[in-house]
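A look at the structure
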Amino acid sequence: MLAGQKEKSKLPLARIVISQGANSYTYYWAANQTSRIIALDHAEEDDNQTALAILDDSDKVLAGLNLWGYKAVISYGLTTSAGDEYSACLDLYVIGQQQFSTRGRLLSIL
């Protein structure tokens, strides 16, 4: 991925893997592509890690899931000549989940 960071043309990526036991859900964001991740606010400090993810739930898949207590791993990356490459951040846990509608679109906040 270091070589990809040095390239002039970079396509940034983000991924969230939410899992518990055998259940696992992966959501992506990629520049210039339709993605489930609409917004991601993520901060890591020495003693505090937080994240707020807004996901497109127009298909109502997330509305039927209870993700409270699931582990969430956020990764950032780039599309390089070797393909999509990611670097994972510290594990987080889902402590809240809400659905809401705006402009005719159903969204989930984790």
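A brief look at the structure comes next. (Residues numbered from 1 in each chain as written. Predicted model: local features only at pLDDT ≥ 70, side-chain atom pairs only at ≥ 80, totals over all residues. Heavy atoms only, no water.)

The element strand β5 (residues 71-80) is largely enclosed, with a buried count of 7 among its 10 residues. Where strand β1 (residues 11-20) and β5 come together, 9 bridges link them in antiparallel fashion. Residue pairing across strands places A14 opposite Y76, the latter belonging to β5. Pairing analysis gives 9 bridges linking β5 to strand β6 (residues 83-93), with the strands arranged antiparallel. The partner of G77 across the bridge, within β6, is Y86. Following β5, the chain reverses through 2 residues before pairing antiparallel with β6. (Buried < 20%, exposed > 50% of the residue type's maximum accessible area, 1.4 Å probe, protein only. Helix = DSSP H or I, 4+ residues; strand = E, 2+ residues; numbered from the N terminus. Pairing = 2+ DSSP bridges.)

Time to look at the sheet that holds strand β8 (residues 105-109). Taken together, 4 strands build an open sheet; the order of strands is β3-β4-β8-β7 and the sheet is antiparallel. Pairing within the sheet leaves two strands with one partner each, and these edge strands are β3 (37-44) and β7 (98-102). Averaged over neighbouring strand pairs, the angle between their axes works out to 15° when direction is ignored. Sheet analysis places β7 next to β8, joined by 5 bridges and oriented antiparallel. (Axes fitted to C-alpha atoms, helices over the stretch in contact; angles between N-to-C directions.)

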